[in-house]
Amino acid sequence: MALALQTFSTVGDANAALKATGTRYLGGGTLVVRAANEGDISVSGLVRSTDPSLSAIEIDNGKARIGASVTMAAIARHPELGAIAKAARAVGGPAIRNMATVGGNLFAPAPYGDFAVALLALGATVDTDDGEMPIEDFLAGRDGSRAIVTSVRFELPKAENFRFLKVSRVKPKGVSVLSIAAALEQAGDSTVSSVRIALGCMADRPMRARGAEKALIGSTLNQDGIAAALAAAGEGTSPITDPIASAWYRAEVLPVHLGRLLLG
Amino acid sequence: MAKVPVQFTLNGSEKAEFVEGGTTLLHALRDKIGDTSPKGGCHQGTCGACSVIIDGELRLSCLTLAETCGGADIRTTSGLAEAGVLHPLQRAFLDAFATQCGFCTPGMIMAAKVLLDHTPNPSREDVVEALSGNICRCTGYEPIIQAVLTAARANSQNAA
Ligand SMILES: Cc1cc2nc3c(=O)[nH]c(=O)nc-3n(C[C@H](O)[C@H](O)[C@H](O)COP(=O)(O)OP(=O)(O)OC[C@H]3O[C@@H](n4cnc5c(N)ncnc54)[C@H](O)[C@@H]3O)c2cc1C
Ligand code: FES
Ligand code: FES
């Protein structure tokens, strides 16, 4: 089917064109072109912007701003993004990582969205052409969103304070059974002083494990210390069922993998 | 719908085509330009048979719109042999029986080529990672991994 692609040099012009019905933004195209190849006729036109700011990575004073068109491969090889490189490398195989953008990952339905899981744990801010918002609000409202995402911003974690785990059946690049990201700080006595945990595949989009977070505050990262958090890990989840795993299976293995992430 | 002009270099020679909006690079290469080395296995990004090198990076031509390739440098397996002499990767694939039905081979070779361009002496792990987006239904992968390692050794011997 014919698809009209419109390319604009500014985000503003691209955003205006995106208001037309049947029009979608083209990031790396790994999901949207695939949908078109599969015969999805809800997409009749594609819009993209070549604005250079969309492809920029800026790091200043411990704060990172990553443009929406930046690819997973660019993040994985960036010398100052080592702490989160693992999450970018978890997305697809090498060719997919050369194409898959940050912007697209924020929209990817489960079992995809591994990098968005990391951004959720980092408490990122999502910038759109209409303004900025916390990633939680963005994810909750993304289905109705008609604004181009321009960048994500977050405080760069210390490598030892950020943990990421993707569980897949096919190694090294299979689709997620689940993914977990945790941004975690410990006090002088090594008890947990702050923590944000995000889960992938435990709902239709990345979600926080708030029960587990609450249970971890003030506890020590050992078998006994994390027991309550593991018991609470599944609170509020409604895992997806797909050819990779059933909802039941995902729910059963979540505490096991969260335990490994926290003790590892 | 109006056709869109696209111009790029394919294996070093200039190509210009008119394509319909939404035409994938895979379709343009195979059915318009006549380079059938990239294969269409799944059209979903899953099999890697359509892998090509665009501006030095491995990409999936089935998920790339031809229109977005204006001015790009595109490399496919059909451009590897020089004056009838196979590229070391092609030679190694043949010698190692790393190609059986051959459907995955051009994609595997492109994935291996970018690896060796950046990492001339890869470890086995590097090879497995580099080929992780490419599916082979015939060989069981081991001969392919061996072929890439052999080609890397042949390259570094030539360079020495
Ligand atoms: C074989 C294969 C394997 C994959 N494996 C993984 C994996 O392991 N982990 C994973 O997380 N994902 C995976 N994916 C999914 C996908 O590649 C990634 O989620 C990727 O990050 C999507 O980005 P994209 O730029 O390709 O999105 P596109 O396909 O370009 O866009 C996806 C959606 O997001 C919208 N969009 C994109 N950018 C913007 C923007 N800036 N503003 C507004 N809307 C936008 C588009 O309109 C579209 O609706 C895989 C896909 C394939 C085909
Ligand atoms: S045809 Fe492109 S990945 Fe299978
Ligand atoms: S040789 Fe047949 S698919 Fe690989």
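Thresholds applied
- Residues numbered from 1 in each chain as written.
- Chains lettered and ligands numbered in written order.
- Predicted model: local features only at pLDDT ≥ 70, side-chain atom pairs only at ≥ 80, totals over all residues.
- Heavy atoms only, no water.
- Helix = DSSP H or I, 4+ residues; strand = E, 2+ residues; numbered from the N terminus.
- Rg over C-alpha atoms; globule rule 2.2 N^0.38 Å.
- Buried < 20%, exposed > 50% of the residue type's maximum accessible area, 1.4 Å probe, protein only.
- Contact = heavy atoms within 4.5 Å.
- Areas by Shrake-Rupley, 256 points an atom, 1.4 Å probe, with all protein chains shown as cover.
- Lys, Arg positive; Asp, Glu negative; His and termini not counted.
- Charge placed at Lys NZ, Arg CZ, Asp CG, Glu CD.
- Domains from an automatic or database assignment.
- Buried area = accessible area lost by both parts, 1.4 Å probe.
- Pairing = 2+ DSSP bridges.

## Thoughts on the overall build of chain B
1) Next: What chain B contains, in helices and strands, is 5 helices and 5 strands.
2) Next: Here chain B has a C-alpha radius of gyration of 16 Å; the compact-globule value for 160 residues is 15 Å, and the two agree.
3) Next: Structurally, chain B occupies a C-alpha span of about 50 × 35 × 25 Å along its principal axes.
4) Next: Burial analysis of chain B (160 residues in total) assigns 50% to the buried set.
5) Next: Across chain B, contacts joining residues at least 24 apart in sequence account for 55% of those joining residues at least 6 apart.
6) Next: Carbon together with sulfur atoms contributes 51% to the accessible area of chain B, which is approximately 7300 Å² in total.
7) Next: Both charge centroids of chain B, one from 12 positive and one from 16 negative side chains, sit 6 Å from each other.

## Let's talk about the domain arrangement of chain B
Often, the extent of an interface is quoted as the loss of accessible area upon association of its parts.
All names here are of chain B.
1) Next: Entries for chain B in the domain assignment read domain 1 (3-79) and domain 2 (88-159).
2) Next: Each of domain 1 and domain 2 has a C-alpha centre, and these two points are 21 Å apart.
3) Next: Taken together, the 17 residues of domain 1 in the interface contact 13 residues of domain 2.
4) Next: Counting each side, the surface lost to burial between domain 1 and domain 2 is near 1100 Å², with a carbon and sulfur contribution of 67%.
5) Next: Together, Ile53, Leu58 and Thr77 form the three largest contributors to the area buried by domain 1 at its contact with domain 2, with a combined 41%.

## Focus: the domain arrangement of chain A
All names here are of chain A.
1) Next: In terms of domain boundaries, chain A breaks down into domain 1 (4-49), domain 2 (52-155) and domain 3 (159-263).
2) Next: For domain 2 and domain 3, the distance between their C-alpha centres works out to 20 Å.
3) Next: Counting residues at the interface gives 25 residues for domain 2 and 27 residues for domain 3.
4) Next: Roughly 2000 Å² is buried in total at the junction of domain 2 and domain 3, and carbon and sulfur atoms are behind 63% of that figure.

## Side note on the pairing of strand 9 (residues 162-168) of chain A
Residues and elements named next belong to chain A.
1) Next: Within strand 9, 6 of the 7 residues are buried, which leaves it mostly tucked inside the rest of the structure.
2) Next: Relative to strand 10 (residues 176-186), strand 9 is paired through 7 bridges, and the arrangement is antiparallel. If you follow serine 168 over to strand 10, its bridge partner there is serine 176.

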